Protein chains: 8
Amino acid sequence: MPKPIVGIVMGSDSDLGIMKQALELLEQMEIPYEVSICSAHRTPDRALEYAKAARGRDLRVIIAAAGLAAHLPGVLAAATTLPVIGVPMASGALRGVDALYSIAQMPPGIPVGSVGIDGAKNAALLAAAIVSTFDEAVAATLNRFRSEQASSVQAKHDRLQSVGYQEYLAGGKQPS
Amino acid sequence: MPKPIVGIVMGSDSDLGIMKQALELLEQMEIPYEVSICSAHRTPDRALEYAKAARGRDLRVIIAAAGLAAHLPGVLAAATTLPVIGVPMASGALRGVDALYSIAQMPPGIPVGSVGIDGAKNAALLAAAIVSTFDEAVAATLNRFRSEQASSVQAKHDRLQSVGYQEYLAGGKQPS
Amino acid sequence: MPKPIVGIVMGSDSDLGIMKQALELLEQMEIPYEVSICSAHRTPDRALEYAKAARGRDLRVIIAAAGLAAHLPGVLAAATTLPVIGVPMASGALRGVDALYSIAQMPPGIPVGSVGIDGAKNAALLAAAIVSTFDEAVAATLNRFRSEQASSVQAKHDRLQSVGYQEYLAGGKQPS
Amino acid sequence: MPKPIVGIVMGSDSDLGIMKQALELLEQMEIPYEVSICSAHRTPDRALEYAKAARGRDLRVIIAAAGLAAHLPGVLAAATTLPVIGVPMASGALRGVDALYSIAQMPPGIPVGSVGIDGAKNAALLAAAIVSTFDEAVAATLNRFRSEQASSVQAKHDRLQSVGYQEYLAGGKQPS
Amino acid sequence: MPKPIVGIVMGSDSDLGIMKQALELLEQMEIPYEVSICSAHRTPDRALEYAKAARGRDLRVIIAAAGLAAHLPGVLAAATTLPVIGVPMASGALRGVDALYSIAQMPPGIPVGSVGIDGAKNAALLAAAIVSTFDEAVAATLNRFRSEQASSVQAKHDRLQSVGYQEYLAGGKQPS
Amino acid sequence: MPKPIVGIVMGSDSDLGIMKQALELLEQMEIPYEVSICSAHRTPDRALEYAKAARGRDLRVIIAAAGLAAHLPGVLAAATTLPVIGVPMASGALRGVDALYSIAQMPPGIPVGSVGIDGAKNAALLAAAIVSTFDEAVAATLNRFRSEQASSVQAKHDRLQSVGYQEYLAGGKQPS
Amino acid sequence: MPKPIVGIVMGSDSDLGIMKQALELLEQMEIPYEVSICSAHRTPDRALEYAKAARGRDLRVIIAAAGLAAHLPGVLAAATTLPVIGVPMASGALRGVDALYSIAQMPPGIPVGSVGIDGAKNAALLAAAIVSTFDEAVAATLNRFRSEQASSVQAKHDRLQSVGYQEYLAGGKQPS
Amino acid sequence: MPKPIVGIVMGSDSDLGIMKQALELLEQMEIPYEVSICSAHRTPDRALEYAKAARGRDLRVIIAAAGLAAHLPGVLAAATTLPVIGVPMASGALRGVDALYSIAQMPPGIPVGSVGIDGAKNAALLAAAIVSTFDEAVAATLNRFRSEQASSVQAKHDRLQSVGYQEYLAGGKQPS
């Protein structure tokens, strides 16, 4: 089994329902990954150790998901120079705007790249894009993914033209 | 010189201009304190060590100020069971609403008590209130502070009655 | 039965469904508390009397929960020098952002420490942290609580490693 | 000198610079008023007493201005059944959105009517409208005020037509 | 049947489900009212005529409810010098924050007093407070209402003390 | 079949449930339209080509609907000088405030006219208004639409007067 | 002198400083326009009359600018079926987010197309785009404008390449 | 001169004042870059071509800065599978919250990693982190940068201890 190059870390197992979209996409792209539950607040030492060891363990990218005050991506980024992608979760009364600010508004010196709220799929795609900078196979996979994605939009367009909007809606939304 | 019982930590020396209000108030109340510059992101190990050692060094309260993503209060709270007071700073384009969310919206399990944006003075008063739970002298000082504060409002009211609003405004705002 | 040292005040009995998390946690930590329903607006005299009498009755911390304009924590803080912890409730159309601002943005001179929206559990933990500044037994309890909390996160991590994410999700979220 | 029927209360003398617009407008309309500095937080007893005594002292309307957490209008409304008009002040980092929420989002049972942020002039006009429900002279004054206001807009329109926009701008904005 | 002195206007019949709280309260207080559906946008002439005729028809207060861009209160206020109370409705994706801004942030010269989002009950209470400035019977009714409201909070408090929070919650929330 | 003069473009078929309100209204007004699914991000070339060809194909107005970052209206507007109407969709955790900003806050030089969140019906009406600037039949249709709309509000008002609010509510909301 | 086909209406002459960008652009494009100061609140009758007469006077588009509660565009749109473009002004403490919501969030049935905050230039461009649907000369002018705009960006790019960023910045920003 | 591997694109030359921080940092790290001015809206074809050609020209990362509706990062990401880092600029009345939403809230399928508002420096550091995944020299440089950054914070801390806060503030903030 190949060594993981993407490390996915969640602050809580309640994030897994959303984050599985990232796991599935990495699998589909055959990018080896590992997944951890590790809280910046409840297990701070382990979070720090994870990030410090990451480059030495040959990880290339870290994806960190957290809701509410959402410190996990920044805390990991503070202890590694690998690229860290943050995923703000829409948990809580503020629906993720708190997490988005906590992840994106990092102070100068420690970078985190934030995707959108609940953006698990885009986090995996951004990780794949980073991997594609040194792995041509992944670059090719990403290009195929994009083509298929465009074709899928086109197919929906074509179906709408052929059946009309009423039947399209009656038939329900097609799987994306 | 008495041992500090309040530890004030700032993520950046740019916070000192606001945070000096806290230092001055603790001095005025004769509560021994220490002040540190220590960033959750730029010096993560030192932040963790500071918080872990705090109770053993006989600190009783930690005040942590930070702007933007403002992880410092939460990161310290994760490594100590002492009460942590967070002060969101109004730095940056979002004027502190990012810092307020990053400080107040902590996940269940690790508490931080947030004062208002740029609320350095109230952070010191809340620290004093906590100290007053075990130190009657500070309780007495706080009660005096409150009385004087009420008198100061009353004095402004009285002056407004006697001089009228036009002269009051012409004379400028009195020192609070 | 021991005298209460934490006073929990709610502006409305509709807050009790959330605030019971605070009651349960204080019970679990064996910190004696009392609970009141007392509105800053509907029973202003009683609110003022409660806060004025609090220190004399040997309370050490007040937790006040309110939604919407959420004046209760500030109104209590205005009449006592004990530490006051505010809990903004997510009631109403604005989902608690109104309550968070009304609680956190106190003017200089009267401090309130705000936890997050619906942050009943953290309010109890912050109260316990304050109690721990003068009660070593509570300090020890808090440290145990933290260790168990970290172990619980670790246990989830371990389970995720052993069963994989699909079975983990199929098995439902484990009790926290 | 006629007995005041409008009571204007400010939480801080720093609000006077804005609130003088209300004083000036009431003077212009010959509605007798009084002005107080009285803080919901720094002088809570006096705030409560003021509101409780207001109807007995023949006040008919209370205007209360406050910034930040802005509890003053609600605290006064809690202790009187007279109409209370709240004026959120744009002080602080959040530029008055905190004060607007703290004033407008009152819980059911205790009403406050909020004008806009820094809306001192409209607070005075709303007070005058309330007075006009029982005082025909004020109703007549208000109608005149409205006509003059409309004429002033019309005069600006006419001047713009006659001089063109470049000269209009070069001549500076006319006094409103 | 007595002539109405409060005019309640709704921009849409979809507001009636919330606004009936205002109707019920005015009935309970025996304040004669009328209710209209009249849109600032869909029936602009009728809105203007309604407001222009209001004082001549002996109305004393207008309550106007609207959601989204919520121009109705301001449009009515532009055509009358009677006091206008605005009620922002929580309809639409922004949950009423749009309506709150559209109602509260009136330009200088035309006042509207805004209650909170979906604040139908407080709008009726504020109308009653305005009526109470010239009608002592309503003043007495309002005072009774306040006492009963305080007693109701006290009764809940007492019940909580006697049955404990678990049974209180099991019994469900009592009718307010 | 007449050539379409309004082009409706959606970024995703998940927008069709809301956007069908626009299709129905254009049909009702007998304004020929076409509908496409075309994503600014997933099919960028096709989006650009669509906009570039639009005027040559005798389209007169483009309506573009998108949620989240909602670049579609701006991307189309960048490649045509026809009027582009943007419809922010309330999809996602931020409920459309992200889409509203992404659509309305276009930089100087490339205009988009934004309707409200989920404002499909108003987008169609604004398109019709634009068509009415050169097509008198549509102008007449729009005037009839407005009259009927006003009558419908009046009819609801009349029904409310005749049956009273309790029966009105019991009867359910009438179709608009 | 040609008859105006675009009517620009401002709620206050304080908007003219921003709105002159629209006037200048329409002049540059040789689209005849007229400009009025007319407040939805201070001169409601005139606003209604203006909008009602607009189509009969052969106006084709209305641009309406307003700040704060910003009802003017909606009030005009309520009384005409011509296309109305709203320009939210950044006046006041909320910096135009209030005006944006008040303009964009129109209820179904009365459309307004909102440009961005202080978006005077884009309002003129959108008006020109609407005019271009029936006037080929304006369509040609708009296409030229776009080409020149693209060339201007390209010229800046080229200058940056040739002088480098330090000299570019030292030379100041070039006129756009 | 080495071939650029980071492409920095700005929507307007007004962004250069902030973005030069990114240029300086990449120079300091000896990472070859190129800089372009290219607008998603004013030069859409060139934007698309730039992104399509990027990988073929051996760029590895794109940094895109934009304010207001801020479509540039998303538009570039739509046409390349390279990693795209977005930098929301604080231009305009909304101070960058519009740009943050427009950049971060990308729909599933096309990823952008957003740094904070005006986060030019962090964008360069994140680009460097991505480069470090395949270039060990850059990894080493980044580690040195982090150490120096930590030392700089420590030096400020030490200076504060030795001179005290009053002299520290009097001496001004040291260069970071």
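Here the structure is a predicted model, which means the values were calculated and not measured. (Residues numbered from 1 in each chain as written. Chains lettered and ligands numbered in written order. Predicted model: local features only at pLDDT ≥ 70, side-chain atom pairs only at ≥ 80, totals over all residues. Heavy atoms only, no water.)

### Some thoughts on the overall build of chain A
And then number 1: Along the backbone of chain A there are six helices and five strands.
And then number 2: Each helix and strand of chain A, ordered N terminal to C terminal, gives the series β-α-β-α-β-α-β-α-β-α-α.
And then number 3: Taking the principal axes of the C-alpha coordinates as reference, chain A spans close to 60 × 40 × 30 Å.
And then number 4: Residues classed as buried in chain A amount to 65% of the 176 residues present.
And then number 5: Put simply, 64% of the contacts in chain A that link residues at least 6 apart link residues at least 24 apart. (Helix = DSSP H or I, 4+ residues; strand = E, 2+ residues; numbered from the N terminus. Buried < 20%, exposed > 50% of the residue type's maximum accessible area, 1.4 Å probe, protein only. Contact = heavy atoms within 4.5 Å.)

### Looking at the relation of the copies chain G and chain F
And then number 1: Mapping chain G onto chain F calls for a rotation angle of 180° and an axial translation of 0.0 Å; the resulting RMSD is 0.0 Å. As the rotation angle and translation indicate, the two copies are arranged about a two-fold axis.
And then number 2: In this assembly, 100% of the residues forming the interface of chain G have copies in chain F that are likewise at the interface, indicating an isologous arrangement. (Least-squares fit on C-alpha atoms with pLDDT ≥ 70 in both.)

### Side note on the relation of the copies chain H and chain A
And then number 1: Superposing chain H onto chain A takes a rotation of 180° plus a shift of 0.0 Å along the axis, which leaves an RMSD of 0.0 Å.
And then number 2: When the interface residues of chain H are mapped onto chain A, 100% of them are again interface residues, pointing to one common binding face.

### With respect to the confidence of the model for chain A
If pLDDT is low for a region, its predicted coordinates should not be looked at in detail.
And then number 1: Here chain A shows a mean pLDDT of 96. Residues at 70 or above account for 97%.
And then number 2: Here the predicted complex carries an ipTM of 0.96, next to a pTM of 0.97. (pLDDT = per-residue confidence, 0-100.)

### Digging into the interface of chain H and chain A
And then number 1: At the interface, 42 residues of chain H touch 42 residues of chain A.
And then number 2: Between chain H and chain A, the buried area comes to about 3200 Å², and carbon and sulfur atoms account for 56% of it.
And then number 3: The tally of links between chain H and chain A comes to zero salt bridges.
And then number 4: Joining chain H to chain A, the criterion identifies 25 residue pairs in polar contact (both at pLDDT 80 or more).
And then number 5: For the side of chain H that touches chain A, the elements supplying multiple residues, two or more each, are helix 4 (97-104), strand 5 (113-114), helix 5 (120-131) and helix 6 (136-170) of chain H.
And then number 6: Of the residues that constitute the side of chain H that touches chain A, the class distribution is 26 nonpolar, twelve polar and four charged. (Buried area = accessible area lost by both parts, 1.4 Å probe. Salt bridge = Lys/Arg side-chain N within 4 Å of Asp/Glu carboxyl O. Polar contact = N/O pair within 3.5 Å; in protein donor to acceptor, adjacent residues only side chain to side chain. Nonpolar A, V, L, I, M, F, W, Y, C, P; charged D, E, K, R; others polar.)

### Some thoughts on a positive patch on the surface
And then number 1: A surface patch of positive charge is lined by Arg 95 of chain A, Arg 95 of chain C, Arg 95 of chain E together with Arg 95 of chain F.
And then number 2: Here Arg 95 of chain C lies in the loop between strand 4 (84-89) and helix 4 (97-104). (Patch = residues over 30% accessible without salt bridge, like charges linked within 9 Å, V, L, I, M, F, W, Y side chains within 5 Å. Areas by Shrake-Rupley, 256 points an atom, 1.4 Å probe, with all protein chains shown as cover. Lys, Arg positive; Asp, Glu negative; His and termini not counted. Charge placed at Lys NZ, Arg CZ, Asp CG, Glu CD.)

### A closer look at the packing of helix 5 of chain H against helix 6 of chain H
Residues and elements named next belong to chain H.
And then number 1: At a minimum axis distance of 8 Å, the contact between helix 5 and helix 6 shows a crossing angle of 140°. Classified by the angle between their axes, helix 5 and helix 6 sit oblique to one another. Crossing angle aside, the handedness with which helix 5 passes helix 6 is left-handed. Within the contact between the two elements, helix 5 uses Lys 121, Leu 125, Ala 128, Ala 129 and Val 131 and helix 6 uses Val 138, Leu 142 and Phe 145.
And then number 2: Counted by class, the contact of helix 5 with helix 6 contains seven nonpolar, no polar and one charged residues. (Axes fitted to C-alpha atoms, helices over the stretch in contact; angles between N-to-C directions. Parallel < 35°, antiparallel > 145°, perpendicular 65-115°, else oblique. Left-handed = near helix turned anticlockwise from the far one by under 90°.)

### So, the packing of aromatic side chains
The geometry of two aromatic rings is summed up by the distance between their centres and the angle between their planes.
And then number 1: One pass over the full model with this rule turns up four aromatic pairs over all chains.
And then number 2: Look at Tyr 101 of chain F and Tyr 101 of chain H: their rings are 5.9 Å apart centre to centre, the planes differ by 10°, and that puts the pair in the stacked class. Note that Tyr 101 of chain F is positioned in helix 4 (residues 97-104) and Tyr 101 of chain H in helix 4, a pairing that runs across two chains. The burial state of Tyr 101 of chain F is the same as that of Tyr 101 of chain H; both residues are buried. (Phe/Tyr/Trp six-rings, centres within 6.5 Å; stacked < 30°, edge-to-face > 60°.)

### Some remarks on helix 6 (residues 136-170) of chain D
Residues and elements named next belong to chain D.
And then number 1: End to end, helix 6 covers just 43 Å across 35 residues, shorter than the expected 51 Å (1.5 Å per residue, more than 12% under).
And then number 2: At Gly 164, helix 6 shows its strongest bend, of approximately 110°.
And then number 3: At the N-terminal boundary of helix 6, the capping side chain belongs to Asp 135, with an oxygen 3.0 Å from the backbone nitrogen of Ala 137. (Expected span 1.5 Å × (residues − 1). Bend = angle between axes of the 7 residues up to and from the residue.)

### A closer look at the environment of Asp 98 of chain A
And then number 1: Tracing the backbone through its elements, the reader meets Asp 98 of chain A in helix 4 (residues 97-104).
And then number 2: Excluding residues that lie within four positions of it along the chain, Asp 98 of chain A makes contacts with Leu 68 of chain A together with Tyr 101 and Gln 105 of chain B.

### Points about the domain arrangement of chain A
All names here are of chain A.
And then number 1: When cut into domains, chain A gives domain 1 (6-134) and domain 2 (136-176).
And then number 2: Using C-alpha coordinates to define each centre, domain 1 is positioned 29 Å away from domain 2.
And then number 3: Contacts between the two partners involve eleven residues from domain 1 and, on the opposite side, six residues from domain 2.
And then number 4: Summing both sides of the interface, domain 1 and domain 2 together bury roughly 660 Å²; the carbon and sulfur share of this comes to 78%.
And then number 5: Among the residues of domain 1 in contact with domain 2, Met 29, Leu 125 and Ser 132 are the three that bury the most area, contributing 58% of the side total.
And then number 6: Connecting domain 1 to domain 2 are zero salt bridges.
And then number 7: Our count for the domain 1 to domain 2 interface comes out at zero residue pairs in polar contact (both at pLDDT 80 or more).
And then number 8: Going through the elements one at a time, helix 1 (16-28) and helix 5 (120-131) are the ones with two or more residues in the side of domain 1 that touches domain 2.
And then number 9: Per element, the largest residue contribution to the side of domain 1 that touches domain 2 is five residues, and it comes from helix 5. (Domains from an automatic or database assignment.)

### Some thoughts on the state of the cysteines
And then number 1: Per the stated rule, a full pass over the model turns up zero disulfides over all chains.
And then number 2: Cysteine Cys 38 of chain E shares no disulfide, and the gap to the nearest cysteine sulfur, in Cys 38 of chain G, comes to 20 Å. (Disulfide = S-S within 2.5 Å.)

### Regarding the packing of helix 1 (residues 16-28) of chain E against helix 6 (residues 136-170) of chain F
And then number 1: One way to put it is that helix 1 of chain E packs onto helix 6 of chain F with a least axis distance of 10 Å and a crossing angle of 105°. One finds that helix 1 of chain E runs roughly perpendicular with respect to helix 6 of chain F. Residues Leu 16, Gly 17, Lys 20, Leu 23, Glu 24 and Glu 27 of chain E of helix 1 of chain E lie in contact with helix 6 of chain F, whose contacting residues are Leu 160, Tyr 165, Tyr 168 and Leu 169 of chain F.
And then number 2: Across the contact of helix 1 of chain E with helix 6 of chain F, the residue classes tally to six nonpolar, one polar and three charged.

### What to know about the pairing of strand 2 (residues 33-37) of chain F
Residues and elements named next belong to chain F.
And then number 1: Among the five residues that make up strand 2, five are buried, leaving the element largely enclosed by the rest of the structure.
And then number 2: Because side chains alternate across strand 2, one face comprises the buried residues Tyr 33, Val 35 and Ile 37, and the other comprises Glu 34 and Ser 36, equally buried.
And then number 3: Note that strand 1 (residues 6-10) and strand 2 share five bridges and pair parallel. Bridge assignment links Ile 8 to a residue of strand 2, and that residue is Val 35.
And then number 4: Note that the unit made of strand 1, helix 1 (residues 16-28) and strand 2 has a crossover that is right-handed. (Pairing = 2+ DSSP bridges. Right-handed = clockwise from strand over helix to strand, strands pointing away.)

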